[in-house]
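# A closer look at the structure
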Amino acid sequence: MKDYLKFYIDGQWVDPAEKKTLDVINPATEEPFARISMGSAKDVDKAVAAAKAAFPKFSTTTKQERIELLQSIMAVYQKRYAEIAAAITEEMGAPQKLSQNAQAAMGIAHLNTNLEILKKYEFEEDKGPTRILREPVGVCAFITPWNWPINQIACKVAPALAVGCTMVLKPSEVAPINAYIFAEVLHEAGVPKGVFNLVNGDGVGVGSPLSAHPDVDMVSFTGSTRAGILVSKAAADTVKRVALELGGKSANIVLDDADFKKAVAGSVFGMMSNSGQSCNAPSRMLVPASRQDEVIAIAKAAAEQVKAGDPNAEGTVIGPVVSEVQFNKIQGLIQKGIEEGATLVTGGPGRPEGVNKGYYVRPTVFANVTNDMTIAREEIFGPVMAILPYKDEEDAVKIANDTVYGLSGYVQGEPEHARKVAARLRTGNVHLNLAGPDLNAPFGGYKQSGNGREWGEFGFEEFLEVKAVLGYNAA
């Protein structure tokens, strides 16, 4: 057991206002491996006060100063890279290769992306007699999740630092150690005191007072739609800016002119990656009804190649899900799929064969799913795929859009055909033929998947206010 009991406030590690701790559980062993302190409104007040005091000076730093700061952060991050990856494996169960090649990699990638944007970005422009100024929004509150932890921290912190904001971070208490290391990275890199602050805790103790705090100018939250609604309500009284990246139930339309073997197998592997714990996972595969049997055979063979096991072992494809709470929720939804009449193709309830410890879920595929079934409506957040047959293209688009969510979507088929279908989906992202992520593309959702955008220049500009100075260029 290692203790991480201090918070990072005003450039130093400090004791919490009240002594209350939480064990951090390794989901592969179900055993605690670390302890953190749980913060309160008093800790939030101290952290926000530090960020507020630091804002006047940091907001007026030059572009070059912030470029050099981001470069320094990246250099220190690289030194701690292996440690960050190892922490993510231990605290949320990601296999080593995934932690090293994707999880930790996204942190450095967002830093680099925002560095390159900052180098070219013009914060002032003239429109006739008026000068338009883009200025940092102020003190930001960041509430981040456990499923892609350093990714979600970096895609908020990097643009905020780049434009001159100050901030308070509340990482997930389920997977907090990577955030602790990240705070050490920022400290060593020379981030001025008060610019970045970290307070651990849960939603009630830290998230709510942070969202409601009158000296916070913006809240950026990533997590469930249920929690996002609470954040919005807490923030409403002070009319602060709120950016939300929430749940998803992404449709994956496989058109009749797709390469079915490639499309279906690739979709299964994409769905199962990170143990299905991605808000934009292709969880609803929509296929022509006349070819569902063909799809079932391909999907079954692919899913049975997905080895769930020890994240530190060679050959593991997916590790455990993050916690007992998530494990029980997923088990309940798998059982619900069976009870509601979906065809269980492979997987099912319980742990994988030969596994008797850890929050491991069997890679599961259902077929003959209808869009009114629970497994087609609710975000499962586990390695569970639903195959829904459609009659024709109109039916496919209708099913795809028949959801409260709109974070991501997928279309697979002949490129021009796929582009036309993509244009009809009510969702913030659409991946054509399993295209991978693009850090310069906006990431965010329609409907109950949130508002605002992260990543790239769109995410960069979320942290800017726009000021018009009229008569600036008057003759």
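Above this text you will find the structure in question.
The structure contained in this document is the topic of the report that follows.

### Side note on the nonpolar core
I73, Y77 and F196 are the most contacted members of the largest nonpolar core, which has 78 residues in total. In terms of residue count, helix α2 (residues 63-92) provides more of this core than any other element does, 13 residues in total. Discounting residues that sit within four places of it in the chain, Y77 has contacts with I84, A104, G107, I108, L111, I150, F182 and V185. Counting 31 residues, the second-largest nonpolar core is a separate cluster that includes A342, I375, A396 and I399.

### Things to note about helix α10 (residues 324-339)
One turn of the α-helix equals 3.6 residues, which is why residues spaced by three or four share an orientation. If you check α10, its first and last C-alpha atoms are 22 Å apart, about what 16 residues at 1.5 Å a residue would give, namely 22 Å. Burial in α10 covers these residues: Q326, F327, I330, Q331, L333, I334 and G337. Each buried residue of α10 sits inside an arc of 165 degrees when the element is viewed along its axis, so together they form one side. Away from its buried face, by an angle of more than 90 degrees, α10 presents the exposed residues V325 and E339.

### Looking at the packing of helix α3 (residues 96-120) against helix α4 (residues 149-163)
At a minimum axis distance of 8 Å, the contact between α3 and α4 shows a crossing angle of 15 degrees. Overall, the two elements α3 and α4 adopt an arrangement that is roughly parallel. The two elements α3 and α4 meet at a crossing, and its hand is right-handed. Contacts between α3 and α4 involve Q103, A104, M106, G107, H110, L111, N114 and L118 from the first element and P149, I150, N151, A154, C155, A158, P159 and A162 from the second. Of the residues that constitute the contact of α3 with α4, the class distribution is 11 nonpolar, 5 polar and no charged.

### Examining a negative patch on the surface
A surface patch of like charges, here negative, comprises D257, D392, E393 and E414. Residue placement: E414 occurs in the loop between β18 (409-412) and α13 (415-422). Judged by its relative accessible area of 37%, E414 falls in the partly exposed class.

### Overview of the pairing of strand β9 (residues 166-170)
Along β9, 5 of the 5 residues are buried, which leaves the element largely enclosed by surrounding structure. Covered by surrounding structure in β9 are T166, V168 and K170 together with M167 and L169, the residues of both alternating faces. Here 5 bridges tie strand β8 (residues 139-143) to β9, and the two strands are oriented parallel to one another. Residue pairing in the sheet places V139 in a bridge with T166 of β9. With α4 bridging β8 and the parallel β9, this β-α-β connection has right-handed handedness.

### Some points on the sheet that holds strand β7 (residues 130-136)
Sheet strands line up and pair through hydrogen bonds in the backbone, either parallel or antiparallel. Taken in spatial order, the 3 strands line up as β6-β7-β21 in an open sheet, and their pairing is antiparallel. In the strand order of this sheet, the two ends are held by β6 (124-127) and β21 (464-469), each with one partner. Across the sheet, the mean angle from the axis of one strand to that of its neighbour is 25 degrees, orientation sign disregarded. Across 6 bridges, β7 lies against β21 in antiparallel orientation. Looking at the pairing, E135 lines up with E465 of β21.

### Topic: the packing of helix α6 (residues 203-212) against helix α7 (residues 225-236)
α7 packs onto α6 with a crossing angle of 40 degrees between their chain directions and a minimal axis gap of 7 Å. The angle between the axes of α6 and α7 places the two elements in the oblique class. Every residue of α7 that contacts α6 at S208, S211 and A212 is listed here: V231, A234 and A235.

### Description of the sheet that holds strand β16 (residues 364-367)
Taken together, 7 strands build an open sheet; the order of strands is β15-β16-β17-β14-β13-β18-β19 and the sheet is mixed. Sheet topology places β15 (343-346) and β19 (431-432) at the edges, where each strand pairs with a single neighbour. By the bridge criterion, 3 bridges tie β16 to strand β17 (residues 384-390) in an arrangement that is parallel. Its bridge partner lying in β17, F366 is registered against A386.

### Focus on the side chain of H110
With respect to the secondary-structure elements, H110 resides in helix α3. Residue class for H110 comes out buried when judged on its relative accessible area of 2%. With near-sequence residues (within four places) excluded, H110 lies in contact with N151, A154, C155, A158, L439 and W455.

### Concerning the side chain of H431
Among the secondary structure elements, H431 is positioned in strand β19. Taking the relative accessible area as the measure of exposure, H431 reaches 12% and is therefore buried. Among the polar contacts listed, one links the side chain of H431 to the backbone oxygen of A435, at a separation of 2.7 Å. Beyond its immediate sequence surroundings of up to four residues, H431 is in contact with N280, S408, G409, Y410, V411 and G436.

### Section: the environment of A251
Following the sequence through the fold, A251 ends up in strand β13 (residues 251-254). For A251, the contacting residues outside a window of four places in its chain are R284, L286, A400, S408, G409 and Y410.

Thresholds, definitions, all that
Residues numbered from 1 in each chain as written. Predicted model: local features only at pLDDT ≥ 70, side-chain atom pairs only at ≥ 80, totals over all residues. Heavy atoms only, no water. Core = buried A, V, L, I, M, F, W, Y, C linked by side-chain atoms within 4.5 Å. Buried < 20%, exposed > 50% of the residue type's maximum accessible area, 1.4 Å probe, protein only. Helix = DSSP H or I, 4+ residues; strand = E, 2+ residues; numbered from the N terminus. Contact = heavy atoms within 4.5 Å. Expected span 1.5 Å × (residues − 1). Arc of directions from axis to C-beta. Axes fitted to C-alpha atoms, helices over the stretch in contact; angles between N-to-C directions. Parallel < 35°, antiparallel > 145°, perpendicular 65-115°, else oblique. Left-handed = near helix turned anticlockwise from the far one by under 90°. Nonpolar A, V, L, I, M, F, W, Y, C, P; charged D, E, K, R; others polar. Patch = residues over 30% accessible without salt bridge, like charges linked within 9 Å, V, L, I, M, F, W, Y side chains within 5 Å. Areas by Shrake-Rupley, 256 points an atom, 1.4 Å probe, with all protein chains shown as cover. Salt bridge = Lys/Arg side-chain N within 4 Å of Asp/Glu carboxyl O. Lys, Arg positive; Asp, Glu negative; His and termini not counted. Charge placed at Lys NZ, Arg CZ, Asp CG, Glu CD. Pairing = 2+ DSSP bridges. Right-handed = clockwise from strand over helix to strand, strands pointing away. Polar contact = N/O pair within 3.5 Å; in protein donor to acceptor, adjacent residues only side chain to side chain.

Treat this as a map of the structure, not an account of what it does.
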